[in-house]
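Okay, here's what each chain looks like letter by letter:
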Amino acid sequence: MEIAVSALMERTCLLLPHIRVSRGWVLLLSSTIWIAQSFAAPPPDLREEFAKLESDMSAAEDTYLAALESLDQPEDGRPHSGENKPQVKPPDGRVAVLKRMDALVDSATGSPDAAFLTLQTFLWSVGIEPEAMHRRFQKVMKVCVDESDLAEFVLQVPSLYDGSEAGQDWAKSLDQLANMSKNEQVRLASRFASARIFLELGRLPDAKKSFEDVIKQATDPDLQRLAKGFVFEVEHLQVGMSAPDFQTKSLDGKDVALQSFRGKIVLIDFWATWCPNCISDIPRHKETVSRLSGKPFEIIGVSVDADREALARALKVLTPPGVQTWDPKGEENPIAELFNVQELPTSFLIDRDGAIRARDYPTDRLAEAVEALLDGKPLPPAKPQDPIPSAPAKP
């Protein structure tokens, strides 16, 4: 994984917390800008006008983020607590700027400028109108259908999908793009992306077939490797299957093997210190461990940080509970590869017999899930996790 979190990417994670930090997401900003710049550059007047709109958008985002932070930090400097905590979000000035961007895109329809403006506007819209992402993506499809560089962008689409009922629409649109594009890279990327959404929807046979088609047809070894990882996920990482065993080292050099935790409920938590939502999960994990004190429950933290010393310093500040493991391969952590971790945070809840019982179960309801497993009861429904409205603490 090549990770370089930009300021805009970090803002988007904070404003749209259902989107987890992924390989694709972290590269989405840089790749989209690179893609857009590879198309014919707009004439000076459109370029200048769009640049001004981006400046206005940045200012509107700064204002909105500051207002969100004030919900947790009022003027007297003391955090809100209990029922006194405001629940209403402040006005979002970015919406008006986005409408102006849309108008500029409409004015460029049919011109060489359309691809540049459409992709850039789509990127800005992600954290503002999540409910309209699919509609906007359809516009991207029409404008850029045969552009080779669109393939890299399409590969990131599953990271935008939030598990909503629109999943079938996303899969259908990606299938349409695969059929309508004359570009082989775009077709393969669309097949791969639709397969990932099939997987999210639980359509395992469709997902496996699509991934296997990509493996057969792709000439890019990286894409083939990714597809093979997802085939493994379909076959070995589904709820009810035995979790693959692993052996690694804790940060203090002790041996850690999943097999040795049999008889306990285990949460395998994949995280990193540069992942905002990972950091936000730590207080919830602490609450869970405290609530379950004395019960057979353990957390195995699997850090994909590359710098061991930086991780050690962060652990002293963050003090996450459980056994914390680390591997010299950092972001290519073998355990993360084994569990096909593509985004952070990712977690697996393992029962006493070593079977996978849930993936990415909401951390604010984790204690209830563990108690249910300990009592031999079904897991409570995994309702959406409460949003994280402000910037998480950082080491």
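Note that this is a predicted model, so its numbers are computed, not measured. (Residues numbered from 1 in each chain as written. Predicted model: local features only at pLDDT ≥ 70, side-chain atom pairs only at ≥ 80, totals over all residues. Heavy atoms only, no water.)

Draft legend 1. Inspection of the overall build of the protein at higher detail. Across its full length, the protein holds 16 helices and nine strands. A burial count over the protein gives 51% of its 395 residues as buried. Put simply, 68% of the contacts in the protein that link residues at least 6 apart link residues at least 24 apart. By element, 51% of the accessible surface of the protein is carried by carbon and sulfur atoms, the whole surface being about 18,600 Å². (Helix = DSSP H or I, 4+ residues; strand = E, 2+ residues; numbered from the N terminus. Buried < 20%, exposed > 50% of the residue type's maximum accessible area, 1.4 Å probe, protein only. Contact = heavy atoms within 4.5 Å. Areas by Shrake-Rupley, 256 points an atom, 1.4 Å probe, with all protein chains shown as cover.)

Draft legend 2. The arrangement of the pairing of strand β8 (residues 346-350) in detail. With five of five residues buried, β8 lies mostly within the body of the structure. Every second residue of β8 is oriented toward a common face, with Thr-346, Phe-348 and Ile-350 on one face and Ser-347 and Leu-349 on the other, all of them buried. Pairing geometry for strand β4 (residues 265-271) and β8, over five bridges, is antiparallel. Each bridged residue has a counterpart across the sheet, and for Phe-270 the counterpart in β8 is Thr-346. Examined bridge by bridge, β8 and strand β9 (residues 356-359) share three bridges and lie antiparallel to one another. (Pairing = 2+ DSSP bridges.)

Draft legend 3. Seen up close, the packing of aromatic side chains. Within the structure shown, the criterion is met by nine aromatic pairs. Ring plane angle 35 degrees and centroid distance 5.5 Å describe the contact between Phe-137 and Trp-170, whose orientation is recorded as tilted. Taken together, the residues Phe-137 in helix α6 (residues 133-144) and Trp-170 in helix α9 (residues 167-180) connect sequence positions 33 residues apart. Phe-137 sits in the buried class, given a relative accessible area of 0%. On the basis of relative accessibility, which here comes to 3%, the residue Trp-170 falls in the buried class. Ring centres of Phe-211 and Phe-230 lie 5.0 Å apart, and the angle between their planes is 10 degrees; on these two criteria the pair is classed as stacked. Of this pair, Phe-211 sits in helix α11 (residues 204-217) while Phe-230 sits in helix α12 (residues 221-236), and the two are 19 residues apart along the sequence. The pair Phe-211 / Phe-230 is uniform in exposure class, with both members buried. (Phe/Tyr/Trp six-rings, centres within 6.5 Å; stacked < 30°, edge-to-face > 60°.)

Draft legend 4. Looking closely at the nonpolar core. If you look at the biggest cluster of nonpolar residues, it comprises 40 residues, and the most contacted ones within it are Phe-137, Phe-192 and Phe-211. When residues of this core are traced back to their parent elements, those giving at least two are α5 (113-125), α6, α7 (150-155), α8 (157-160), α9, α10 (184-201), α11 and α12. At nine residues, α10 tops the list of elements feeding residues into this core. When sequence neighbours within four positions are dropped, the list of residues in contact with Phe-192 reads Leu-155, Phe-211, Val-214, Leu-223, Leu-226, Ala-227 and Phe-230. By size, the runner-up hydrophobic cluster in this structure holds 33 residues, among which are Val-256, Cys-278, Ile-282 and Phe-339. (Core = buried A, V, L, I, M, F, W, Y, C linked by side-chain atoms within 4.5 Å.)

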